[in-house]
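Single-letter residue listing:
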4 protein chains.
Amino acid sequence: MRILVSNDDGYNAAGIEALTEALRGLGDITVVAPETNCSGSSNSLTLNRPLSVRQASNGFFYVNGTPSDCVHIALTGLLDFRPDLVVSGINNGANLGDDTLYSGTVAAATEGYLFGIPSIAFSLVERGWKHLDNAARVARQVVEHHIAQPLDSKVLLNVNIPAVPSSQLAGTRVTRLGKRHPSEPVIKSATPYGEPVYWIGPVGNVFDAGANTDFAAIEENYVSVTPLRLDLTYHEQLDAVTRWAGPLCENP
Amino acid sequence: MRILVSNDDGYNAAGIEALTEALRGLGDITVVAPETNCSGSSNSLTLNRPLSVRQASNGFFYVNGTPSDCVHIALTGLLDFRPDLVVSGINNGANLGDDTLYSGTVAAATEGYLFGIPSIAFSLVERGWKHLDNAARVARQVVEHHIAQPLDSKVLLNVNIPAVPSSQLAGTRVTRLGKRHPSEPVIKSATPYGEPVYWIGPVGNVFDAGANTDFAAIEENYVSVTPLRLDLTYHEQLDAVTRWAGPLCENP
Amino acid sequence: MRILVSNDDGYNAAGIEALTEALRGLGDITVVAPETNCSGSSNSLTLNRPLSVRQASNGFFYVNGTPSDCVHIALTGLLDFRPDLVVSGINNGANLGDDTLYSGTVAAATEGYLFGIPSIAFSLVERGWKHLDNAARVARQVVEHHIAQPLDSKVLLNVNIPAVPSSQLAGTRVTRLGKRHPSEPVIKSATPYGEPVYWIGPVGNVFDAGANTDFAAIEENYVSVTPLRLDLTYHEQLDAVTRWAGPLCENP
Amino acid sequence: MRILVSNDDGYNAAGIEALTEALRGLGDITVVAPETNCSGSSNSLTLNRPLSVRQASNGFFYVNGTPSDCVHIALTGLLDFRPDLVVSGINNGANLGDDTLYSGTVAAATEGYLFGIPSIAFSLVERGWKHLDNAARVARQVVEHHIAQPLDSKVLLNVNIPAVPSSQLAGTRVTRLGKRHPSEPVIKSATPYGEPVYWIGPVGNVFDAGANTDFAAIEENYVSVTPLRLDLTYHEQLDAVTRWAGPLCENP
């Protein structure tokens, strides 16, 4: 079992160190992670410059690029083998609901999935690394279970772990993504030199936390496991859009 | 009709100028676009620094951030009104199949969609702006049709336009996204100072260009219109993953 | 007379447009300037990635790098000729006293000087482009004078122009650089997500504005012209440091 | 003795670790260094965004900015004390002759000097960290000597150390900066997607390596110590430029 590990908080984050440590003994582990924090980087790929790869004293490779860059170049030539599993994280904070679209942690796993490798993203729900040890233990359990009973098709799992001690964990639940309200307003500020600047506001409140959502699972102290797909076609809208587009189709 | 225009090639790209010009007369048009080329930026949001907004002599606003940043801050406080439509492009090159995941052009439209505004991404299939005038004409037709017959729900359209003269356009076709083979290998190179560097390789060849795909439509000189969804839950896998996760669920 | 023009505010700044317009007729003018604002970039050179050069609709070349990058690549291969003069600016704000060390405007001219080409940096003393027309007129006068009576050796001039109308300009004065007090304290702030951040504080107050300084000239509405050198050796300290280093020298 | 340590290769470079280790016992040591490699950054200051400061597991502070940013914010409010000495390095490669203008290592020391604190930049002449242990030993000697016999005025020393074992070191020599020929030509290349790009070429060959230069000292296996000044006024040109500017002065 060859495991490629990445994340979006950077190669020196506590989360990736804890994850790598927790996976010890389960296979050959290679870390290729961003040099700096890339939270919010989504599936961003660096196309206008080449990437540098260096190795830290602990053996981790780090790249001056995005999480997607890291896994992409690992899989397309940096590594001389094909991993059996890609894991990403443990992220410093939740990746629930619509957050998954913007998450670099999920993006690193997505890149593995798009190359046909089972991939799992792990996130610790609260920022600050509280109960990271428990999250690392859960991550190991999930990977052990995948080794014992491999997922039989292309699978991309988004795993969020409550920031609670082991004793308070209620169990694991397979969920769908919930939804948030739109983000909070942009925050207007100014530089010390008088120029206006704008900070992207915090995420919105939860809007859909129905019984089977990831939000609900976390709320009740369950580990949330959501299978993700990357086919963005809205198949259910195809007929309606085809009808709508009729006049356009006739008149090129 | 208030229309917000963005792109990922930057506010001074030929594509956004042609699009804005083509939409003239259809409503109040506001441009908020990235300062520099952001191809490949996906839904990346800038969270570690504030953004600056400036105005060019032609009235376009430009932001030192990503396409998602541009539309996000436009909708959360920069503009004092809510647009009725978000359009993005015209992109310099195709956004077909899996490319849509990485596209900043699609990401700008995605941001509008996530805020509940109908949104359309336009791409000219070949790089280099050949037949941009025709693409701009098609973009206007699509927007005019939306004005005449509004899409009745949250809709995000990914429109790719063949780089052909108007006379060679076969029509419009509503499609699903096709698929590509994985990317070409990473390209190893070196700096002039002897350090190794790695370029992300070009996209892979087309793998699934079935009859109803966007690839097929373009191949046959049709404008391709694909409705996109951003719910990443793989609903069809929920049962299988639930069965798989059984042992994990029992043992927290 | 072939003139290379650059700046640090970016190729689309009002200052470089006014300067280029003012120089019309004095020679062949080529603009190679940064794509984005690079204030404070000093002599920074980009060594970890290659640079892209593009051309705007007005003919200006722009580079995704620093002012020094722009002039450096222009002089080492981008241009197929050797300019007779490098001018930089007109900067949005003063470059007086110690500011010159950090200035990208001065750095662009420095790069020309280091390649053996007479070079002149122009700055408009107040931010906001007030009386830019007058500054452009002054810049033309200086260049005309250099054409009529060429400076007979390697010369790098730092020219600061008061933000006043032509009628209030007192004349031109050749000056030495004054000094400022150290900068204002760093400004502690926080991101909307709770992380502390630090803004570099504004420049300090003037400390040495003696009669022959650039600060004094500007205060009295004179154009300030300071010849700069880039030999950083502190020749006057060589003897003292040699004495001090005696014991080190004896004991390798 | 409170010593502030910075560099331009990044807080995790071998050179700053060796320097910090070598200084152990000589005083209270605080490291504030860039998060990533900033070679070539000169005195660049970050003015368009705030800076983040984080602490690595070894206690080093790192900043997502330039060497000048690091020392600047350390001295203007990040630290609650004023250091007695600023040291920078040990750099991965030489900072000789005109290189000093572009060096981030020298820039970090320059920032200390501008705030009135004796400052020393250390560079190991060949890239690759060969004989770093000897360079660290030399650095300690220099700092010890400064503690025993403090430099009696504002002093900024640029120290380059040959990459040789201790036994081959010839001694220490106080030098002036030599000069190089202009850089090698820009290197034209292309992205994998067909866009032209330009790499800044390597530095030029040595032009002035006269007997008392830093180049000559290094050539003969001496540690080179050069006192630097940051007053960029070309005092010796003031008269000539004043005569030249006569006509300009009369006609404002």
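Residues numbered from 1 in each chain as written. Chains lettered and ligands numbered in written order. Predicted model: local features only at pLDDT ≥ 70, side-chain atom pairs only at ≥ 80, totals over all residues. Heavy atoms only, no water.

Asks: Which parts of the structure should I look at to understand the interface of chain A and chain B?
Replies: The partner chain B presents 83 residues to the 84 residues of chain A that form the contact. Both faces combined, the contact of chain A with chain B buries some 7,600 Å², and carbon together with sulfur accounts for 65% of it. Considering only the side of chain A, the residues that lose the most area to chain B are Arg229, Leu232 and Trp244 of chain A, jointly responsible for 12% of the buried surface there. Our enumeration of links across chain A and chain B arrives at zero salt bridges. Across the chain A-chain B interface, the total number found is 29 residue pairs in polar contact (both at pLDDT 80 or more). It is helix α2 (residues 67–78) of chain A that contributes the most residues to the side of chain A that touches chain B, six residues altogether. Considering only residue class, the side of chain A that touches chain B consists of 43 nonpolar, 29 polar and 12 charged. (Contact = heavy atoms within 4.5 Å. Buried area = accessible area lost by both parts, 1.4 Å probe. Salt bridge = Lys/Arg side-chain N within 4 Å of Asp/Glu carboxyl O. Polar contact = N/O pair within 3.5 Å; in protein donor to acceptor, adjacent residues only side chain to side chain. Helix = DSSP H or I, 4+ residues; strand = E, 2+ residues; numbered from the N terminus. Nonpolar A, V, L, I, M, F, W, Y, C, P; charged D, E, K, R; others polar.)

Asks: Quick question: what am I supposed to make of the confidence of the model for chain A here?
Replies: With 98% of its residues at a pLDDT of at least 70, chain A reaches an overall mean of 94. For this predicted complex, the interface score ipTM comes out at 0.93, alongside a pTM of 0.95. (pLDDT = per-residue confidence, 0-100.)

Asks: What is the right way to look at the relation of the copies chain B and chain C in this model?
Replies: There are two copies of the chain, and a rotation about an axis plus a shift along that axis relates them. Once turned by 180° and shifted 0.0 Å along the axis, chain B lies on chain C with an RMSD of 0.0 Å. Here the copies are linked by what is in effect a two-fold axis. Taking C-alpha positions as reference, the residue of chain B nearest the rotation axis is Thr36 of chain B, located at 4.0 Å. Comparing contact sets, 100% of the residues at the interface of chain B also lie at the interface in chain C, consistent with an isologous, same-surface contact. (Least-squares fit on C-alpha atoms with pLDDT ≥ 70 in both.)

Asks: For this particular structure, what's the right way to read the environment of Arg176 of chain C?
Replies: Tracing the backbone through its elements, the reader meets Arg176 of chain C in the loop between β8 (171–174) and β9 (179–180). When the C-alpha positions of Arg176 of chain C and Asp214 of chain C are compared, they lie 6.0 Å apart, and in sequence the two are 38 residues distant.

Asks: Please clarify how the pattern of salt bridges should be interpreted in this entry.
Replies: Residues and elements named next belong to chain C. Throughout the structure, instances matching the rule amount to 28 salt bridges over all chains. Here Arg176 ties to Asp208 by a salt bridge, and the two come within 2.9 Å at their closest N and O atoms. Of this pair, Arg176 sits in the loop between β8 and β9 while Asp208 sits in strand β12 (residues 206–208); the two residues are 32 residues apart in sequence, bridging distant segments of the chain.

Asks: I'm lost on unusual backbone geometry in this one. Help?
Replies: Look at the link from Gly89 of chain A to Ile90 of chain A: it is a cis peptide, with omega at -10°. Structurally, the position occupied by Ile90 of chain A is in strand β5 (residues 85–92). Not every positive phi belongs to a glycine, and His131 of chain B is a case in point at roughly 60°. Note that His131 of chain B resides in the loop between β6 (119–124) and α5 (132–148). Judged by relative accessible area, which is 25%, His131 of chain B ranks as partly exposed. (Buried < 20%, exposed > 50% of the residue type's maximum accessible area, 1.4 Å probe, protein only.)

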